Amino acid sequence: MTPEQKKLFNIIVLGLGFMFMFTAFQTCGNIEQTVIKSFNSTEFNGSGYTSMSIIYGVFSASNLVAPSVVAVIGPQFSMFFSGLLYSAYIAMFIHPYTWSFYTASVLVGVGAAVLWTAQGNVLAINSDNHTIGRNSGIFWALLQFSLFFGNLYIYCAWHGHEHITDKDRQTVFISLTVISLVGCFLFFLIRKPDPDMSSSEVTESLIHLTFYSGVYGTCIGAMTRFGEDAKSLIGISGICIGIGEILGGGIFGLLNKNNRFGRNPVVLLGLVTHFVAFYLVFLNIASDAPLAPEAGTNREAFITPSVGVALLCSFLLGFGDSCYNTQLLSIVGFLFRDKSAPAFAVFKFIQSIMAALAFFYSNFLLLHWQLLILIISGILGTLTFFLAEWKAQSLRETDYSSI
């Protein structure tokens, strides 16, 4: 196996490991607030939104030490042990208690910082200036297949269920725990690449992930006007998000060698796509859906609730997110090859703070206020990306077809 083939093999294994892990974890995040509402226990009174807020808050703080952890124990063991923390969080739902729920949330926050720092390191040492776009596209597409498989399983498992029983919950989360553990052990197949003079680092997503990864699925499950199968539609929604992510990853990641116009048009496309999705969500989903009890809400928004429109919004949210992420992977990997770990940690630090804040206010704000915040943050995020891209162009003359 040539050095280039070995690096490509490592990228594929990295993507597959994350696909298995996040098939479990993203599915867990998508359904946990709905699952929590179905608990028939006086021993548990936690909130899925609060849990996610804790995870991203701890994630943010842990980014300050994550590069040191990866440097000491190496990226493989860092990803493996972090993956075990993710698996423990998922397994907690088999027999949940409030104290174990929030303790596991803290541990996942620590593990997430180490996991994504290690991921960036592996992607860095297996990429160069010419392959960072291709490799980031391959990784992103494989990662986002997790949304397809996990949510398809949820749809099949919960189809026709108006109420999620303890047996339903336990069956699902035992399966997700096993899937997550498979991903952890896949990381040991990654081989050490031959020494290279170049390195790069990459990162993941914008704070809009809080909406599509947790809040929107809960809203769909709460809409009683979608019929008796509203709960199972959470899975279909996740699949549509995954299709959008995978399609965008393929177009803007794997095919970016044909892009001669830079990154800004792709990011702008992501912003427009999200704006269309937010407008349709505003029209289609009742404003109290994020806060509705297990019985759901019978209210309407501004049009008669449509399952088709809801699933179209899911696709648009995924596609728009991939527009942002493929370009972030490219620009961070290109600009900070020599100082990748600090740049990666700072980016994840800021991202995690904003994600924690978004999950926190999801406990209290009606849907239209959440959408307004997303619109404002999307505009600001796009403008700051434009500034970074223009600065990159002024610092170095580069042919984008090589990125």
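So, how was this worked out
Throughout this description, residue numbers start from 1 for each chain and increase along the sequence as written. Predicted model: local features are reported for residues with pLDDT of at least 70 only, side-chain atom pairs are reported and counted for 80 or more only, and whole-chain, interface and lining totals are derived from all residues. Each side-chain value is derived from all of the structure's non-hydrogen atoms; neither hydrogens nor water enter the calculation. UniProt positions are given in the numbering used here, feature names are shortened, and annotations may be inferred rather than shown by experiment. Each residue carries a pLDDT score, the predictor's own confidence in it, on a scale running from 0 to 100. The secondary structure listing takes helices from DSSP runs of H or I that are at least 4 residues long and strands from runs of E that are at least 2 residues long, numbered from the N terminus. Residue contacts are counted whenever heavy atoms from the two residues lie within 4.5 Å of one another. Patch membership requires over 30% relative accessible area and the absence of a salt bridge. Like charges are linked within 9 Å, and nonpolar side chains (Val, Leu, Ile, Met, Phe, Trp, Tyr) within 5 Å. We get accessible surface area from the Shrake-Rupley algorithm with a probe of 1.4 Å; when it comes to residues, only the shown protein chains can shield them. We count a salt bridge whenever a side-chain nitrogen from Lys or Arg sits within 4 Å of a carboxyl oxygen from Asp or Glu. Stacked, edge-to-face and tilted are the three classes for Phe, Tyr and Trp ring pairs, Trp counted by its six-membered ring, which pair at centre distances within 6.5 Å; planes under 30 degrees apart are stacked, over 60 edge-to-face, the rest tilted. A ring has a charge above it when a Lys NZ or an Arg CZ is no more than 6 Å from the ring centre and no more than 35 degrees off the ring normal. Convention adopted: a line fitted to C-alpha atoms gives each axis, helices being fitted over their contacting stretch, and angles between N-to-C directions are expressed from 0 to 180 degrees. Orientation is classified from the angle alone, with under 35 degrees giving roughly parallel, over 145 giving roughly antiparallel, 65 to 115 giving roughly perpendicular, and any other angle giving oblique. When the near helix sits turned anticlockwise from the far one by under a right angle, the crossing is termed left-handed; a clockwise turn instead gives a right-handed crossing. Any residue outside Ala, Val, Leu, Ile, Met, Phe, Trp, Tyr, Cys, Pro, Asp, Glu, Lys and Arg is labelled polar, Gly included; the first ten of those are nonpolar and the last four are charged. What a helix is expected to span follows from its residue count: subtract one and scale by 1.5 Å. Here the term buried applies to any residue with accessible area under 20% of the maximum for its type, exposed to any over 50%, and partly exposed to those in between, with areas from a 1.4 Å probe on protein chains only. Take the seven residues that end at a residue and the seven that start at it, fit an axis to each, and the angle between those axes is the bend at that residue.

With an unreviewed UniProt entry as reference, the protein is termed Major facilitator superfamily domain containing 11, source organism Gouania willdenowi. In UniProt, the protein has this text filed under Subcellular location (unreviewed entry): "Membrane". Reading the Sequence similarities (unreviewed entry) entry of the UniProt record for the protein gives the comment "Belongs to the unc-93 family."

Enquirer: Before we move on, can you summarise the confidence of the model for the protein with the specific residues and values?
Expert: When pLDDT is averaged along the protein, the result is 81; 84% of the residues meet or exceed 70. Helix H4 (residues 75–91) holds the highest mean pLDDT among the elements of the protein, 95, whereas helix H8 (residues 209–222) holds the lowest, 68. Below pLDDT 50 for its whole length, residues 197–206 participates in 50 contacts with residues either more than four positions away or in separate chains. Counting interchain partners and residues more than four positions distant, the pLDDT-below-50 stretch residues 398–403 has 19 contacts.

Enquirer: Could you give me a rundown of a nonpolar patch on the surface, with the residues and numbers involved?
Expert: On the surface, Leu-64, Val-65, Val-69, Val-72, Ile-73, Phe-77, Phe-81, Leu-84, Phe-185 and Phe-188 cluster together into a nonpolar patch covering about 940 Å² of accessible area. Sorting the residues of the nonpolar patch by element identifies helix H3 (66–73) and H4 as the ones contributing at least two each. Positionally, Val-65 belongs in the loop between helix H2 (48–62) and H3.

Enquirer: Tell me about the side chain of Asn-264, residues and numbers included.
Expert: Residue placement: Asn-264 occurs in helix H10 (residues 264–284). For Asn-264, the residues in contact, after removing those within four places along its chain, are Phe-385, Phe-386, Glu-389 and Trp-390.

Enquirer: Explain the packing of aromatic side chains to me, and be specific about the residues and the numbers.
Expert: Counted by the stated rule, this structure contains 29 aromatic pairs. Through a chain of ring-to-ring contacts, three or more aromatic side chains come together here, namely Phe-18, Phe-22, Phe-25, Tyr-86, Tyr-89, Phe-93, Phe-101, Tyr-102, Trp-116, Phe-139, Phe-173 and Phe-187. We note Arg-191 situated over the ring of Phe-9; from NZ or CZ to the ring centre the distance is 5.0 Å.

Enquirer: Outline the packing of H2 against helix H5 (residues 98–125), supporting the account with residue identities and numerical values.
Expert: At a minimum axis distance of 7 Å, the contact between H2 and H5 shows a crossing angle of 40°. Put simply, H2 runs oblique to H5. Crossing of H2 against H5: the hand is right-handed. Of H5, the residues touching H2 (which contributes Gly-48, Thr-50, Ser-51, Ile-54, Ile-55, Val-58, Phe-59 and Ser-62) are Phe-101, Tyr-102, Ser-105, Val-106, Val-108, Gly-109, Val-110, Ala-112, Ala-113 and Trp-116. Classifying every residue of the contact of H2 with H5 by side-chain character gives 12 nonpolar, 6 polar and no charged.

Enquirer: Could you give an account of the environment of Ile-243, naming the residues involved and the relevant values?
Expert: Along the chain, Ile-243 falls in helix H9 (residues 233–254). Each C-alpha atom of the pair Ile-243 and Phe-315 lies 6.6 Å from the other, and the pair is 72 residues apart in sequence. If sequence neighbours within four positions are ignored, Ile-243 has contacts with Phe-148 and Phe-315.

Enquirer: Before we move on, can you summarise H5 with the specific residues and values?
Expert: The end-to-end C-alpha distance of H5 is 41 Å, a good match for the 40 Å that 28 residues give at a rise of 1.5 Å each. Counted residue by residue, H5 has 20 buried out of 28 residues, so it is predominantly covered.

Enquirer: Can you break down helix H1 (residues 3–37) residue by residue, with the values?
Expert: Given a rise of 1.5 Å per residue, 35 residues ought to cover 51 Å, and the 51 Å separating the end C-alpha atoms of H1 matches this to within 8%. Within H1, the axis deviates most sharply at Ile-31, by approximately 50°. For H1, a buried count of 26 out of 35 residues is recorded, marking the element as mostly surrounded by other parts of the structure.

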